[in-house]
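Structural description and commentary
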Number of protein chains: 2
Amino acid sequence: MSLPIIGYLDPAFFELLDELSGMLGEVFKTKQRAFAVAGAGSAGMEAGLVSLAAPGDTVIICSYGYFCERQIIMAERLGFNVIALRTEWGKSMDPQVLADALKEHPETQLVVGIHAETSAGTIQPIAEFARLAHEAGALFMTDVVTSLAGCELEFDEWDLDFAYSGSQKCLAAPPGISPVALSERALDYIRNRPVPPTSWYLDLSLIADYWGPDHVAHHTAPVSMIYGLREAVGMVLNETLATRWKRHEANADALRAGLEALNLDMPISKEERLDQLTVIKLPKGVDDVKLRTQLLDEYSIEVGRGLGKFAGEVIRIGLMGESCVPANVFALLNALEKVLPDHGFEVAKGAATAAASAKLAENPSPLYTA
Amino acid sequence: MSLPIIGYLDPAFFELLDELSGMLGEVFKTKQRAFAVAGAGSAGMEAGLVSLAAPGDTVIICSYGYFCERQIIMAERLGFNVIALRTEWGKSMDPQVLADALKEHPETQLVVGIHAETSAGTIQPIAEFARLAHEAGALFMTDVVTSLAGCELEFDEWDLDFAYSGSQKCLAAPPGISPVALSERALDYIRNRPVPPTSWYLDLSLIADYWGPDHVAHHTAPVSMIYGLREAVGMVLNETLATRWKRHEANADALRAGLEALNLDMPISKEERLDQLTVIKLPKGVDDVKLRTQLLDEYSIEVGRGLGKFAGEVIRIGLMGESCVPANVFALLNALEKVLPDHGFEVAKGAATAAASAKLAENPSPLYTA
């Protein structure tokens, strides 16, 4: 990102875009369109919504967390006829709920379902959602902010229409750019829809045209962010996706073994939980803000707060990308062991790191060198 | 920008936001809100439009260039009743045209006028536009992408409601973030409008709340871009705005003296032209693409192409921010002297750089050290 800036219409920059587009395609596992929206993951979210449906259209949103609720807010602002299918936070949604809703709303234009809900720590059956959406003639878009490069994702095989991610999760680049994949089917829809998307900045067909073979000018591209994303994606492909997924699984396993040894409650079931993000129910009497502040101030460890319904009830531990290594698992377990007694929650000394060690001996983390 | 990333909700990061907000206020010359939209200048443009008017509202757009036409496209997509006041490209708009339109459309919610039109190379009387808009009870928003930190701009004194810029022009930061200023009057309107803006990502009231005293979470902030903007704005304030404006004027003067000595035609009048960007009419027979490609390939100098109506007719020479120094004036004049004869346009050897030298002796550029 410290390289000199070149023009966003410079032929040398187009070469970089072409290269990065191909590399992103490998990460998303697609031979269709892969590029990046110039904004946060939420810009990718809004780009999908505004591009893939028009005001008045029926849009079904599967909701099982805070970021699903953000999608609903956006979709309502955009004037869609929003059908929210709400499932308990912390659970994977039963696809039958979607099948029933699609039967009731055969006019549905778009189905939306998040793959890995970061607020609730759950993985969701999006391949099945996509299949049901297409059977009903709808498009399917998903959020892979936390899943991309951290667990299995197969854009083409699962027949997704649009997936957006963030740069700062398992890709381990700085935040501020949203890698996306788009199906040709979805691109055709955008190009032929009766009215253009209400947003020009987030119109996915215009962004795809800038990243496409003709490199049609749109807004000025964030050149340094694209440099940074290129390097981060290169590191992912050097490690290989399979090894990176394995690394996320092994370190999450070790973390969970340690948290169990601390007698902390992880409310998400084995089948429904994420490796990238582990949800812990706060023990009775432990104050959310005080605990997180102490971890940050005394141990330089930032853990996530509970969002929405989970505010004050849980903390969320991310192990993603570059930070997903045994050293960080041990650092956090050690910090929790030291800090929790200050909050009135007694723990056995040394048990957590010993449990994590044992788990890593059994299921080792691949070595990671940046 | 190479500093380690910290969380966008980390108290240490809030300190940085507070500091940068104050510094941006100094650059915009406002004691009201100053912050940054997480996207290109076009994101700032769309944020203003989507936030300051609602579908069906009458919005007057003063149009005298390519980026004004982009505003019109955005405003039409947003479902506004768009009144486009088109003035000849290369001229400043007569405020009487706006006064007449406001008389005809007393229901106008928002007036839009670009300060420095980069495609046409013109400066526009936005203080007068703002006065007329307010007399008619409308809000006034402007584009200061090319003007901010390159020529006089007085947000509060001129009583503007919203101004957006880009990071990569006279601020000389990498592209990808849009510094903005917002009046309390405009913020009140957004907070109290009957329906929220159709965009959540670009809702200026939500972005202002993240940058405000309570730092309410919105999307993940582009941390490294904010680091970069902080440094760039620091360099602007170290130089002082007055000196920076003077530097832009002195180097543009020298450039223009050199271009005149080359017998090149600068079609914008002295009163209407910008210092940051100089428009040259291509001499008969000189091919736009060949000339620009040769300058880029042989001299590593990128000059702008003509946009819209001006495509193929002009080239545009930017002298902005860090690049606005005598060395670059001489480099370009020397390159043109060498290259133009290849395109059938003969020039007097040495005349251009001599004329620029003479002008700089008379009206020196302040020294600039990064």
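What you see is a predicted model; the values in this text were computed from it and never measured.

1. What about the pairing of strand 2 (residues 58-63) of chain B?
Residue and element names in this part refer to chain B. For strand 2, the tally of buried residues reaches 6 of 6 residues, placing the bulk of the element in the interior. Burial of the side chains of strand 2 extends over both faces: Thr58, Ile60 and Cys62 are buried on one face and Val59, Ile61 and Ser63 on the other. As paired elements, strand 2 and strand 3 (residues 81-86) share 6 bridges and run parallel to each other. Along strand 3, the bridge assignment pairs threonine 58 with asparagine 81. With respect to chirality, the unit in which strand 2 leads through helix 3 (residues 66-77) into the neighbouring parallel strand 3 is right-handed. Bridge analysis of strand 2 against strand 4 (residues 110-114) gives 3 bridges, and the strand direction is parallel. Along strand 4, the bridge assignment pairs valine 59 with leucine 110.

2. Quick look at the UniProt feature "binding site: substrate" (unreviewed entry) in chain A
Residues annotated in UniProt with the feature "binding site: substrate" (unreviewed entry) correspond here to A:Arg316. A polar contact is formed between the side chain of A:Arg316 and the backbone oxygen of A:Thr118, at a distance of 2.7 Å.

3. Comments concerning the sheet that holds strand 12 (residues 314-318) of chain A
Residue and element names in this part refer to chain A. In space, the 3 strands of this open sheet follow the order 10-12-11, with antiparallel pairing throughout. If you trace the sheet from one side to the other, it starts and ends with strand 10 (277-281) and strand 11 (304-305), each paired once. Sheet topology note: the strand 10/strand 12 ladder contains 5 bridges and is antiparallel. Across the sheet, residue lysine 281 finds its bridge partner in strand 12, namely valine 314. Running at roughly 10° to strand 10, helix 9 (residues 241-261) makes contact with strand 10 and strand 12 of the sheet.

4. What about the sheet that holds strand 4 (residues 110-114) of chain A?
Residue and element names in this part refer to chain A. Read across the open sheet, the 7 strands follow the order 1-9-8-7-4-2-3; overall the sheet is mixed. The open sheet has two edge strands with one neighbour each: strand 1 (33-37) and strand 3 (81-86). Each adjacent strand pair in this sheet contributes to an overall mean axis angle of 20°, direction not counted. The strands touched by helix 7 (residues 204-211) are strand 1, strand 8 (162-164) and strand 9 (178-182); relative to strand 1, the strand with the most contacts, the crossing angle is about 105°.

5. Observations concerning the relation of the copies chain A and chain B
Copy one and copy two of the chain differ by a rotation about an axis and a translation along that axis. It takes a turn of 180° to lay chain A on chain B, together with a shift of 0.0 Å along the axis; the resulting RMSD is 0.0 Å. When the rotation and shift are considered jointly, the pair of chain copies conforms to a two-fold rotation axis. Distance from the rotation axis, computed per C-alpha, reaches its smallest value in chain A at A:Gly39: 2.7 Å. The overlap is high: 100% of the interface residues of chain A also sit at the interface in chain B, so the same surface is used on both sides.

Here is what the cut-offs are and how they apply
Residues numbered from 1 in each chain as written. Chains lettered and ligands numbered in written order. Predicted model: local features only at pLDDT ≥ 70, side-chain atom pairs only at ≥ 80, totals over all residues. Heavy atoms only, no water. Buried < 20%, exposed > 50% of the residue type's maximum accessible area, 1.4 Å probe, protein only. Helix = DSSP H or I, 4+ residues; strand = E, 2+ residues; numbered from the N terminus. Pairing = 2+ DSSP bridges. Right-handed = clockwise from strand over helix to strand, strands pointing away. UniProt positions renumbered as here; feature names shortened; annotations may be inferred. Polar contact = N/O pair within 3.5 Å; in protein donor to acceptor, adjacent residues only side chain to side chain. Contact = heavy atoms within 4.5 Å. Axes fitted to C-alpha atoms, helices over the stretch in contact; angles between N-to-C directions. Least-squares fit on C-alpha atoms with pLDDT ≥ 70 in both.

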